[in-house]
Amino acid sequence: MAWKKIDDDQALPDMPYSSFLANGLTTNANSYNDDLRRGGGIAWNATEPVTWSSYWASQGFMFTVNVGQQVLEVDFRVTYATLTASADADGFQGYVTLQHLGGSEFVTVGLLPTNGAVSYFDITLPFNAAATGPQAFSLTFKSSQLEDLGLVDVQGGVQNTIYLDQRAGGTAYPITQGEKHELLSLSEPGNSVELTGPPDDFPLKYQINYIGTGTISAPDGFASVYPSVTSNPAQLNPTYDPVKIGAGTVFELGAMTLLGVAFNAVSANVGTAPPQLSHNTAAPLSAVIRSQNDARYLFQPDLCNGVSQRYALGAVIASASTFPVNAAVSTGFSFVSNTIVDYLTLSVTLRYFGLNASRNSKIVLSLLDDTDTLVVPEVETPIAIYRTTSPQSVIGMTARGWYDPSAVAAWGMRDSMAQSEMESAQTVAINVGNLYLPPNKVFTVKLEMAPEDTAIYVFNLYGRLVTSIG
């Protein structure tokens, strides 16, 4: 056997040349974390983009990615667009916050206007402690108050509706039906609304999410607003009155269209397998084997790290005869197998809350091949629904659009949510083990609800394949 220079470099001092193998394995294993740093991304449909605005609180969505092993810092690139070129006094349409939900680390940046063009910004997020494996993050947006769009006659309001009539003159705001990213102020200098109740704690500014136009005998516009109009005592006339109670000022709000989020781990701790002080000692070698097994598990690719429906940041899963449609609504993802691998485990994690109450709800997972044939029997997983959001609720009806997954004219805040809502939701994990998947095939994971009249909203879906043995 001929020795080469690399053998001499890897051999430990005062040890036989054959120690280069054990020492080389240790060096390789300890370099995995940094040399095999992970990256990836999530993309949204550019022809049916997700656009949202949020004035009162920073709102957005949650996503999960596998950062790798003992990672210290991650770079993110967010691809986006804004609807207009308007900007606040600092030159921004609002502020984006990216936070690590497994810790307290976060970064906030100003969102520059793009006037419809696609752009991006980069965020570097260092961790307070090294992170390993799947990690959850939130990306939220808080809108700035932008351009003055004109005046509108206010004719009353109740709950999440304010009645508007078209105002005459050159400074009038034109009332049109559709989704809005706008703010209605009732207290601008020289233009205010007469209140019927005490002004204490009255917000005076409402985000307009949608305007529906009326008939001759009704208001010119029904503005769907957030927050709700104070009703006890009533701050506005709760019924439409053709006699206006004041002039409101409508402002543009910053709105973010999200197209993609990419990530790349930029630094990580080195491995901790001990040096091979003897080329034929089993204990140090076992540490190397453990490092190799851990790396095999952690560096396998993700299958899915986001879920969405058209114009939405999340997805509804509903059984038949469930609001808003009588047909079942499912969701899921597809992936391709590149090589033959035995003893795989499919792991799917959902973060959700209920849209209606049901004591016996369950999620049904189907794994289908490219001929829509079941690879394994359906897996039914019971879930608890202890937190629900009804279609009539303040947040659910006014600020979100998830109740009609096919709706084009949804609400201005879409289905974004505050981080506190993300953290208070429920989680379910579904594992399907001992799979054999032939190579070069497309597989689909389908998620459905049972029994009838059961619906949940899923705002984070994460899937991966893991080798069980070997």
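Residues numbered from 1 in each chain as written. Predicted model: local features only at pLDDT ≥ 70, side-chain atom pairs only at ≥ 80, totals over all residues. Heavy atoms only, no water.

**Quick word on the overall build of the protein**
The helix and strand tally for the protein stands at 5 helices and 25 strands. Burial statistics for the protein: of 470 residues in total, 51% are counted as buried. The long-range share in the protein, meaning contacts at least 24 apart out of those at least 6 apart in sequence, stands at 79%. Roughly 20,700 Å² of accessible area belongs to the protein as shown, and the carbon and sulfur atoms make up 54% of that amount. (Helix = DSSP H or I, 4+ residues; strand = E, 2+ residues; numbered from the N terminus. Buried < 20%, exposed > 50% of the residue type's maximum accessible area, 1.4 Å probe, protein only. Contact = heavy atoms within 4.5 Å. Areas by Shrake-Rupley, 256 points an atom, 1.4 Å probe, with all protein chains shown as cover.)

**A closer look at empty space enclosed by the protein**
Here the structure, examined in full by the defined rule, presents 3 cavities of 30 Å³ or more. Its volume calculated, the second largest cavity comes out at about 40 Å³. For the lining of the second largest cavity, the secondary-structure elements that each account for two or more residues are β3 (59-66) and β25 (455-467). (1 Å grid on protein atoms, 1.4 Å probe; cavity = no way out; pocket = protein on both sides within 12 Å on 5 of 7 lines; lining within 4 Å. Points joined across faces, edges and corners; volume = space filled by probe spheres on them.)

**Side note on the sheet that holds strand β21 (residues 362-368)**
With antiparallel pairing, the 4 strands of this open sheet are ordered in space as β19-β24-β21-β22. Among the strands making up the open sheet, the edge pair consists of β19 (331-337) and β22 (379-382). Sheet twist, expressed as the average angle between the axes of neighbouring strands with direction ignored, equals 20°. (Pairing = 2+ DSSP bridges. Axes fitted to C-alpha atoms, helices over the stretch in contact; angles between N-to-C directions.)

**Here we look at unusual backbone geometry**
With an omega dihedral of 0°, the bond running from Tyr226 to Pro227 counts as a cis peptide bond. As for its position among the elements, Pro227 is in strand β14 (residues 221-229). One non-glycine residue, Gln70, lies in the positive phi region at around 55°. In this structure Gln70 comes out as partly exposed when scored by relative accessible area, which is 31%. At Asn440, a position not held by glycine, the phi torsion is positive, near 55°. Here Asn440 lies in the loop between β23 (426-437) and β24 (441-450).

**Notes on the sheet that holds β3**
Sheet architecture is open: 4 strands sit in the order β3-β8-β5-β6, paired in antiparallel fashion. The sheet is open, and its two borders are formed by β3 and β6 (106-111), each paired with just one other strand. Neighbour to neighbour, the strand axes of the sheet diverge by 20° on average, direction disregarded. The pairing of β3 with strand β8 (residues 134-143) spans 8 bridges and is classified as antiparallel. Directly across from Phe63, in β8, lies its bridge partner Phe137.

**Comments concerning the side chain of Glu105**
Looking at the secondary structure, you find Glu105 in the loop between β5 (94-100) and β6. No salt bridge is formed by the buried Glu105. Its closest oppositely charged neighbour is Arg351, at 15 Å. Polar side-chain contacts of Glu105 include one of 2.8 Å to the backbone nitrogen of Asn128. Ignoring any residue separated from it by four or fewer positions in sequence, one finds Glu105 in contact with Leu98, Gln99, His100, Leu125, Pro126, Phe127, Asn128 and Ala129. (Lys, Arg positive; Asp, Glu negative; His and termini not counted. Salt bridge = Lys/Arg side-chain N within 4 Å of Asp/Glu carboxyl O. Polar contact = N/O pair within 3.5 Å; in protein donor to acceptor, adjacent residues only side chain to side chain.)

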